[in-house]
Amino acid sequence: MQAIRSILVVIEPEHSESLALKRAKLIAGVTGAHLHLLVCDKKHEHSALLALLKSGLQEDGYSVSTEQAWNDSLHETIIDVQQAEGCGLVIKQHFPDSPLKKALLTPADWKLLRYCPSAVLLVKTAKPWMSGVILAAIDVGNTDADHRTLHNSIIDHGFDIASLAKAQLHVISAHPSPMLSAADPTFQLKETIEARYREQCKAFQTEFDVDDSHLHIEEGPADVLIPFAAHKWQAAVTIIGTVARTGITGALIGNTAEVILDAVESDVLVLKPDTLMDQLEELASKP
């Protein structure tokens, strides 16, 4: 988070209060990041609004630029501008479609999360970050290089957000149910599975000062446990990572992440490993 020098903030002119801008100001106020305000609009009818926002932010000491753009679709426009401006974080507010679909993300939000070659913060609630709970969700059971790097990034971002918001950082990892038929005796008992997972957390616990009371290793599916934990602790932000599926683009978010994103009642920060970011940048640069 501290390394992010430029933040792309998606402004929705029809909504008077921009929660995305509120979050961006909180982050930039600590990191000194530049704010690039974007209105996705074919007709370029919002110059007055952007000028007003820019002058107000500059008076408050922020570095700001503005833009109106459109390229075929909302997510493509955002990604084009993110690439052109070199923004390390995109912040967009989620607006529910209808009461029936209140919890579910819109197709535009999904495509942005899948294809954007940077971290994406989706603002889902007006809940203040200050003095709240930041929930970092990791998958300790996967120890390949991509997952290890991703775990460190998730904890690192969680630590940074907790510091800037004077909030508590909680870390959660789901573990599988014991199986008597498992070849590795470790996975035959709940206690030994949890002990193995906790052992794998020691390094980042030391680095980021996460004590045992803030590390939660729970039995069950991640797509159930993470939303449950976010609700239980009234998390202000839930941070999750996603590793690419194989496929035509290699850029799809997995089923677990999709269920979690729709189910959590908090803002969501989605991170991807560098290898996937590189693939997505290559994809975004193609005409």
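Residues numbered from 1 in each chain as written. Predicted model: local features only at pLDDT ≥ 70, side-chain atom pairs only at ≥ 80, totals over all residues. Heavy atoms only, no water.

In the annotation of an unreviewed UniProt entry, the protein chain is listed under the name Universal stress protein and assigned to Pseudomonas tritici. The annotation that UniProt attaches to the protein chain under Function (unreviewed entry) is "Required for resistance to DNA-damaging agents." Its UniProt record, at the heading Sequence similarities (unreviewed entry), says of the protein chain: "Belongs to the universal stress protein A family." (UniProt positions renumbered as here; feature names shortened; annotations may be inferred.)

Undergrad: Looking at this structure, how should I read the sheet that holds strand S4 (residues 89–93)?
TA: The strands that make up a sheet pair up through hydrogen bonds in the backbone, lying either parallel or antiparallel. Pairing is mixed across the open sheet formed by 10 strands, whose spatial order is S3-S2-S1-S4-S5-S10-S9-S6-S7-S8. Each edge of the sheet is formed by a strand with only one pairing partner; in this case those strands are strand S3 (64–69) and strand S8 (215–219). Neighbouring strand axes in the sheet, compared pairwise and without regard to direction, differ in orientation by 20 degrees on average. Sheet topology places strand S9 (residues 237–241) next to strand S10 (residues 267–271); 5 bridges connect them, and they run parallel. Pairing of Thr238 across the sheet is with Val268, part of S10. Together, strand S2 (34–40) and S3 form the strand contacts of helix H2 (residues 47–59), whose direction differs from that of S3 by roughly 165 degrees. Taken strand by strand, helix H5 (residues 145–164) contacts strand S6 (133–138), strand S7 (168–175), S9 and S10, and its axis lies near 180 degrees from that of S6. (Pairing = 2+ DSSP bridges. Helix = DSSP H or I, 4+ residues; strand = E, 2+ residues; numbered from the N terminus. Axes fitted to C-alpha atoms, helices over the stretch in contact; angles between N-to-C directions. Contact = heavy atoms within 4.5 Å.)

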